[in-house]
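# Summary of the model geometry
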Amino acid sequence: MNPTPKPGILDISPYVGGRAAVPGMAKVFKLSSNESPLGPSPAVLAALEAARPSLSLYPEGSAALLREAIGEVYHLDPARIVTSGDGSDALLTMLANAYLQPGDEVVFSEHAFLVYKIATQANSAVPVMVPEKTTNQTIKVDVEAMLAAVTAKTRMVYIANPNNPTGSCLNRDEMARLHAGLPENVLLVIDSAYGEYVTAKDYEAGIALVSKFDNVVMTRTFSKLYGLAGLRIGWMYAPARVCNVINRIRGPFNTALIQQLAGAAAIRDREHFWKAVEHNNTWLPWITAEIRKTGLRVDDSVANFVLIHFPVDGEKTAAKADTFLMQGGVILRGVASYGLPDCLRMTVGTEEQNRLAVKLLQQFMVA
Ligand SMILES: Cc1ncc(COP(=O)(O)O)c(C=O)c1O
């Protein structure tokens, strides 16, 4: 008999990222993966240079210099931070690896980030996907329905806040309600990959909850607003007990020196941070309003992307729009794998990218 993987692993649909190229087309605008149109802080280049003499050496294994930089900026105890050199994806996965046993249930919402299901199935646990609430301008996590799905077998709840690809988020009170309804032995994992973009005053990325309770973890990333998706740096803020657990199972040198230095430089450049926030604040409402003028439904978003709905059949479907945009040199993200086959997700790009994408959508709708 051949070696067999754990039950559940062969049920996993491998993650497919946003497309990056169109065959036969030299110049394309990739608005498919929620990357930053501004790129990283210029300070990151100096950090990459600083790592050069040490490439042959193992890095300091706890990523102390990066944890200290994060702690300084967000006013957190560095001892309660764990970093990852394989994105926040790896932290989301390690949490599942550490806390799930076969048959345990993991609750997340219907259109949640795909990695939650993968991490659950990789541990022979059972995904419990909860329907979201739909209004005419949002698809949003239903807190009461999430709580109703919790059983004695539930061990974890994942929630992306804001959620990808819907762009909606729970406010402070809604998240507190979700947490308050969970038994103490259930770990609430708040994935705030897009937290930096949210400007609403009633939003809380998870820091306050993690500081107060032993069963809440918040994960963050350098891939989005900090413009470092290519360097794969993530971090989490967690109770000391959870850090102790993850520090036992993570790779001993899981964050390279180049990642530590680049992350520290990026997070300390608050000017670049605010530039990226302002860029998003300018273009997110513009994109939303302009695409709505074509008659398409665009959901309200608090992140750096919008979800666009297309008719289910006929000449204006999401698949046809996708092809039309690609022929015009713009790549959006089909989100059928998120249970939204009639939608495309568009990342906020540069001014030139945004204007071209909107123009193409206008042309598509009148064609
Ligand atoms: C909700 C959400 N969480 C986590 C991630 C993963 O980020 P990272 O690049 O840190 O692995 C993404 C990336 O698309 C995301 O959309």
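Residues numbered from 1 in each chain as written. Predicted model: local features only at pLDDT ≥ 70, side-chain atom pairs only at ≥ 80, totals over all residues. Heavy atoms only, no water.

## Section: the overall build of the chain
In terms of regular secondary structure, the chain is built from 12 helices and 15 strands. A compact globule built from 367 residues should have a C-alpha radius of gyration of about 21 Å, and the chain, at 20 Å, falls within 12% of that. For the chain, the spread of C-alpha atoms along the three principal axes comes to 60 × 55 × 50 Å. The buried share of the chain, reckoned over its 367 residues, is 55%. (Helix = DSSP H or I, 4+ residues; strand = E, 2+ residues; numbered from the N terminus. Rg over C-alpha atoms; globule rule 2.2 N^0.38 Å. Buried < 20%, exposed > 50% of the residue type's maximum accessible area, 1.4 Å probe, protein only.)

## Notes on the environment of Gln327
With respect to the element layout, Gln327 can be found in helix α11 (residues 318-327). Linking Gln327 and Val28, residues 299 residues apart in sequence, is a C-alpha distance of 9.4 Å.

## Here's the deal with the site of the ligand
Around the ligand, the structure places 13 residues, and the nearest of them are Ser88, Asp191, Thr221, Ser223 and Arg232. Within the contact set of the ligand, an oxygen atom lies 2.7 Å away from a backbone nitrogen or oxygen of Ser88. Between the ligand and Asp191, the relevant distance is 2.6 Å, taken from a nitrogen atom to a side-chain nitrogen or oxygen of the residue. When the ligand is considered free in solution it has 400 Å² of accessible area, and contact with the protein chains removes 94% of it. Ranked by the residues each element gives to the shell around the ligand, the list is headed by helix α3 (residues 87-99), at three residues. (Near = heavy atom within 4 Å. Polar contact = N/O pair within 3.5 Å; in protein donor to acceptor, adjacent residues only side chain to side chain. Areas by Shrake-Rupley, 256 points an atom, 1.4 Å probe, with all protein chains shown as cover.)

## Focus on helix α10 (residues 270-293)
Along its 24 residues, α10 runs 35 Å from first to last C-alpha, staying within 8% of the 34 Å computed at 1.5 Å per residue. Contact partners of the buried residues in α10: β11 (297-298), β12 (305-309), β15 (340-347) and α12 (351-366). The N-capping residue of α10, defined by a side-chain oxygen 3.2 Å from the backbone nitrogen of Glu271, is Asp269. Residue Gly295 follows α10 closely and has a positive phi angle near 100°. (Expected span 1.5 Å × (residues − 1). Contact = heavy atoms within 4.5 Å.)

## Things to note about the nonpolar core
Counting residues in hydrophobic clusters, the biggest one holds 55 residues, and the most contacted among them are Tyr74, Phe222 and Trp235. Broken down by element, this core gets its largest block of residues, five residues, from helix α2 (residues 64-74). Once residues lying within four places of it in the same chain are set aside, the contact partners of Tyr74 are Glu196, Ile207, Arg220, Tyr226, Trp235 and Ile267. Ranked by size, the runner-up nonpolar core spans 34 residues in total, among them Met94, Val189, Cys243 and Leu307. (Core = buried A, V, L, I, M, F, W, Y, C linked by side-chain atoms within 4.5 Å.)

## Considerations on the pairing of strand β2 (residues 81-84)
Residues Ile81 and Thr83 point to one face of β2 and Val82 and Ser84 to the other, with burial holding for every one of them. By the bridge criterion, four bridges tie β2 to strand β10 (residues 234-237) in an arrangement that is antiparallel. Counterpart to Ser84 in the pairing with β10 is Gly234. (Pairing = 2+ DSSP bridges.)

## Topic: the pattern of salt bridges
Across all of its chains, the model carries 13 salt bridges by this definition. A salt bridge links Lys27 to Glu352, with the shortest nitrogen-to-oxygen separation between them at 3.6 Å. With a gap of 325 residues between them, Lys27 in the segment before β1 (29-30) and Glu352 in helix α12 connect regions that are remote in the sequence. Lys27 sits in the exposed class, given a relative accessible area of 58%. Two residues, Arg297 and Asp299, come together in a salt bridge whose shortest N-O distance is 2.6 Å. (Salt bridge = Lys/Arg side-chain N within 4 Å of Asp/Glu carboxyl O.)

## Observations regarding the sheet that holds β10
Ordered by their spatial adjacency, seven strands build an open sheet running β2-β10-β9-β8-β7-β3-β4, and the pairing between neighbours is mixed. Every other strand in the sheet has two partners, leaving β2 and β4 (126-130) as the edge strands with one partner each. Sheet twist, expressed as the average angle between the axes of neighbouring strands with direction ignored, equals 20°. Relative to β4, strand β3 (residues 105-109) runs parallel, the two sharing five bridges. (Axes fitted to C-alpha atoms, helices over the stretch in contact; angles between N-to-C directions.)

## What to know about the pairing of strand β9 (residues 216-221)
The side chains of a regular strand alternate between the sheet's two faces. Among the six residues in β9, six count as buried, and that is most of the element. Here β9 shows a buried face lined by Val216, Met218 and Arg220 and a second buried face lined by Val217, Thr219 and Thr221. One ladder, built from four bridges, connects strand β8 (residues 187-191) with β9; its direction is parallel. When the sheet's bridge partners are listed, Asp191 is paired in β9 with Thr219. Each parallel crossover has a hand, and the one from β8 via helix α7 (residues 207-212) to β9 is right-handed. In terms of strand pairing, β9 meets β10 through four bridges, oriented antiparallel. Looking at β10, one finds that Thr219 is bridged to Met236. (Right-handed = clockwise from strand over helix to strand, strands pointing away.)

## Notes on helix α8 (residues 240-249)
For α8, the set of buried residues is Val242, Cys243 and Ile246. What you see down the axis of α8 is that its buried residues fit within an arc of 100°, all on one side. Across α8 from its buried face, at more than 90 degrees, point the exposed residues Ala240, Arg241 and Arg248. The secondary structure elements touched by the buried residues of α8 are β2, α3, β8, β9 and β10. (Arc of directions from axis to C-beta.)

## As for the side chain of Ser223
Within the secondary structure, Ser223 sits in the loop between β9 and β10. Within the structure, Ser223 has its side chain in polar contact with the side chain of Arg232 (distance 3.4 Å). With sequence-adjacent residues up to four places away left out, Ser223 is seen in contact with Glu35, Leu228, Ala229, Arg232 and Ile233.

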